[in-house]
There are 2 protein chains.
Amino acid sequence: MTNFSIDTHLSPIKKEKPNWGELEFGKVFTDHMFIMDYKEGKGWHDARIVPYQPITLDPAAMIFHYGQTVFEGLKAYLAKDGRILLFRPEKNMQRLNRSNDRLCIPPIDEDLALDALKQLIAVDKEWVPTVEGTSLYIRPFIIATEPYLGVSASASYRFMIILSPVGSYYKEGIHPVKILVENEYVRAVSGGTGEAKTAGNYAASLKAQETADQKEYSQVLWLDGVEKKYIEEVGSMNIFFKINDEIITPALNGSILPGVTRDSIIALLKYWNIPVSERRISIDEVMDAYRDGQLQEAFGTGTAAVISPIGELLWNNEKMIVNGGKTGELSKKLYDTLTGIQKGDLEDPFGWVTEIK
Amino acid sequence: MTNFSIDTHLSPIKKEKPNWGELEFGKVFTDHMFIMDYKEGKGWHDARIVPYQPITLDPAAMIFHYGQTVFEGLKAYLAKDGRILLFRPEKNMQRLNRSNDRLCIPPIDEDLALDALKQLIAVDKEWVPTVEGTSLYIRPFIIATEPYLGVSASASYRFMIILSPVGSYYKEGIHPVKILVENEYVRAVSGGTGEAKTAGNYAASLKAQETADQKEYSQVLWLDGVEKKYIEEVGSMNIFFKINDEIITPALNGSILPGVTRDSIIALLKYWNIPVSERRISIDEVMDAYRDGQLQEAFGTGTAAVISPIGELLWNNEKMIVNGGKTGELSKKLYDTLTGIQKGDLEDPFGWVTEIK
Ligand SMILES: Cc1ncc(COP(=O)(O)O)c(C=O)c1O
Ligand SMILES: Cc1ncc(COP(=O)(O)O)c(C=O)c1O
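Not measured: the values here are computed from a predicted model. (Residues numbered from 1 in each chain as written. Chains lettered and ligands numbered in written order. Predicted model: local features only at pLDDT ≥ 70, side-chain atom pairs only at ≥ 80, totals over all residues. Heavy atoms only, no water.)

1. A few points about the relation of the copies chain A and chain B
As a reminder, the rule being used: In superposing the copies, a least-squares fit is computed on C-alpha atoms, taking residues whose pLDDT is at least 70 in both. Contacts are assigned to residue pairs with any non-hydrogen atoms lying within 4.5 Å of each other.
When chain A is fitted to chain B, the residual RMSD is 0.0 Å, and the transformation amounts to a turn of 180° plus an axial shift of 0.0 Å. Accordingly, the operation relating the two chain copies is best matched by a two-fold axis. A share of 100% of the interface residues of chain A reappears at the interface of chain B, consistent with the copies meeting face to face through the same patch.

Here you go:
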């Protein structure tokens, strides 16, 4: 890897590590963070690793008013042999730059960002948790910092990477989730920001998630914003169906987030000579398949859970119980294979895994 | 007005005031700001006026990641007799709470917020600029502050009010703007966050605005996100047309921001016995009217410019020159009346104006 000049200021204090067996998601942060600033005319500059600490911004900073911001999410895993592994991190940096383009944020140097990420993890390597199923969650993000209330692209930005050791998504092994099909609220629409990883999409989703929580469903399934008919994605996962032996996932249509896990699952299925249809699929088609006994499996894909089998879909008070509410065979096989590759337990025929030295 | 207990810490230094004749929008801030914090279980607390200063947040604060935030915008005017006047500020506080509801942010006490706003302006009263056409822009906003990377409503928030003296929108008197009808990007869709004043809507608009800037159009006109056919609103204004003597403005449909200026214009027109149609209006209808010589006037309404006559609309490379590119009679009359009421020059039959003591 190229070596960019990244100043490193080590923290004089090391925080106490939490109990790796009791980690939650995204509540504990490591000892250091990466920062790089942007100024119009000067470009990205001052790449540095510093102690994890609060940041100070003018109350008029544009991030607080107009939401010009993008982020990414990926994980580092500890292999059994002690190596620290990243899974396709270059895909996240590419997506960050695609998000930047949609949000009018100046592009970052993907190689530098990747290098920064690796150096940061190397500095905080003791924070990669060692318990089965745990990992180090990595959150790169960019915020607009210019103190100006005009609605326009900011003249200055801050790029940061923070790290958080996270627990296993499935405390008692992989198990199916219940998903609520959302009929009222809309997450994104073609021409909007749905395919970018940007704050506003998540802000828009909170109200629907609140209803799901009340009804004890774990996430919502979004339908398209135009006809409220075609399936888009789940809260923070893409979705796949197995219907009458066809594997189907909604095509990337401009309003769906192009997930790295989604892409990897498609590659894996093709590698196994299992055809995948990336196409439009309506909720009616799923319901018809269910009624005909042809809805064999459904699962979500995303960095957090890797594969989430879906045991139940609720749509307009009609329940679809998928595969008897149990984890399907394909879901299980995909989960085992992908997590196996990610943790270095299985052979990696795609060259997806990168070691941090 | 009720007197809430708001701690006031005056700034030891007073910043130099800018030249009132050379003010831009939203670049200079006053000596003080208002802050109030929220914590789950404790509610809103610690209302205080403090010196204008940077704020410090954890890099994991949810505002930086999931955009859970709302804001408002209104103005204080200096009357000829020295009184400082606010225009319908209670409408802004009501809208702030409607936005809060959509964004899952706990409601604020509207009376307290109004009182805080008045006390803050009273403290910084020397910052209300005195030159014709200038005013003090007021920006209340709320941000999610919990350091947590889970996608959910934050457990803590900060409500702030900052003040910025702003110049006249029209340096050489009211004059028409050129507007680009947007065909590719979408701002909001029914079921989304369009009727809330929240960051993500503005982030989504930057890309289209960039194109407008390049083509030398001042703002974009958004069409609906479903059929890309019906008129919604302009970048930061609602829109009105006068077609064949009918005054038309798009009905509030869930994706349009319900403007305070829009509401005031409708009230004013009704007071003058001029009927207003709040209804769906397609861009084709406007184009047909233009071709038939029936498109008499078009104007935007919003806090920044109050009334912006529209001199030209560009749609699919077809130009509609409205009223010969000049300010229409009705636009001018509405502008003079509304700004007259706001500045205390004209009688206020609606009780819209509130004095700050
Ligand atoms: C809205 C949304 N869809 C899908 C995904 C899955 O993407 P990935 O597989 O890259 O994690 C995520 C995030 O992780 C997401 O936030
Ligand atoms: C998107 C949008 N539409 C319309 C308006 C006009 O609203 P108001 O008249 O309350 O200023 C604004 C803001 O000021 C706005 O941001």
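2. Quick notes on empty space enclosed by the protein
Just so we agree on the cut-off: Lining residues are defined by having an atom within 4 Å of a point belonging to a cavity or pocket. Those points lie on a 1 Å grid over the protein atoms alone, cavities being sets where a 1.4 Å probe fits but cannot get out and pockets being open sets with protein on both sides within 12 Å along at least five of seven lines. Grid points are joined across faces, edges and corners, and a volume is the space filled by probe spheres set on the points. By the criteria applied, helices consist of DSSP H or I runs no shorter than four residues and strands consist of E runs no shorter than two, each listed in order from the N terminus. Here the nonpolar group is Ala, Val, Leu, Ile, Met, Phe, Trp, Tyr, Cys and Pro; Asp, Glu, Lys and Arg are the charged ones; every other residue, Gly included, is treated as polar.
Scanning the model with the defined rule gives 7 cavities of 30 Å³ or more in all. Taken as a whole, the largest cavity holds about 210 Å³ of empty space. Together, 19 residues line the largest cavity, and R187 and T193 of chain A together with R187, A188 and T193 of chain B are the ones closest to its centre. For the lining of the largest cavity, the secondary-structure elements that each account for two or more residues are α4 (199-214) of chain A together with α4 (199-214) of chain B. Per-class residue counts for the lining of the largest cavity are 8 nonpolar, 9 polar and 2 charged.

3. Quick look at the side chain of H65 of chain A
With respect to the helices and strands, the residue H65 of chain A is situated in helix α1 (residues 63-66). Leaving out residues up to four positions away in the same chain, H65 of chain A has contacts with P59, A60 and L149 of chain A together with F71, R139, F141, I162 and A199 of chain B.

4. Things to note about the pattern of salt bridges
Residue and element names in this part refer to chain B. Note the threshold: Salt bridges, as used here, are contacts in which a Lys or Arg side-chain nitrogen is within 4 Å of a carboxyl oxygen on Asp or Glu. Summary of the burial criterion: residues with accessible area below 20% of their type's maximum are buried, those above 50% are exposed, and those between are partly exposed, where the area comes from a 1.4 Å probe applied to protein chains only.
In the structure shown here, the tally under the stated rule is 38 salt bridges over all chains. The salt bridge involving R83 is made with D81; its shortest N-O contact spans 3.0 Å. A relative accessible area of 29% means that R83 is categorised as partly exposed. Under the relative-accessibility criterion, D81 is labelled exposed at 54%.

5. Brief notes about the packing of helix α5 (residues 260-271) of chain B against helix α7 (residues 329-342) of chain B
Residues and elements named next belong to chain B. Spelled out, the test is: Every axis in this analysis is a line fitted to C-alpha atoms, fitted for helices over the stretch in contact. Angles between the N-to-C directions lie between 0 and 180 degrees. For classification, angles of less than 35 degrees are called roughly parallel, those exceeding 145 degrees roughly antiparallel, those between 65 and 115 degrees roughly perpendicular, and all remaining angles oblique.
Across the interface, α5 lies against α7 with an axial gap of 11 Å and an inter-helix angle of 105°. Classed by the angle they form, the pair α5 and α7 counts as roughly perpendicular. Together, T261, S264, I265, L268 and L269 of α5 and L330, L334, T337, L338 and I341 of α7 make up the contact between the two elements. Of the residues that constitute the contact of α5 with α7, the class distribution is 7 nonpolar, 3 polar and no charged.

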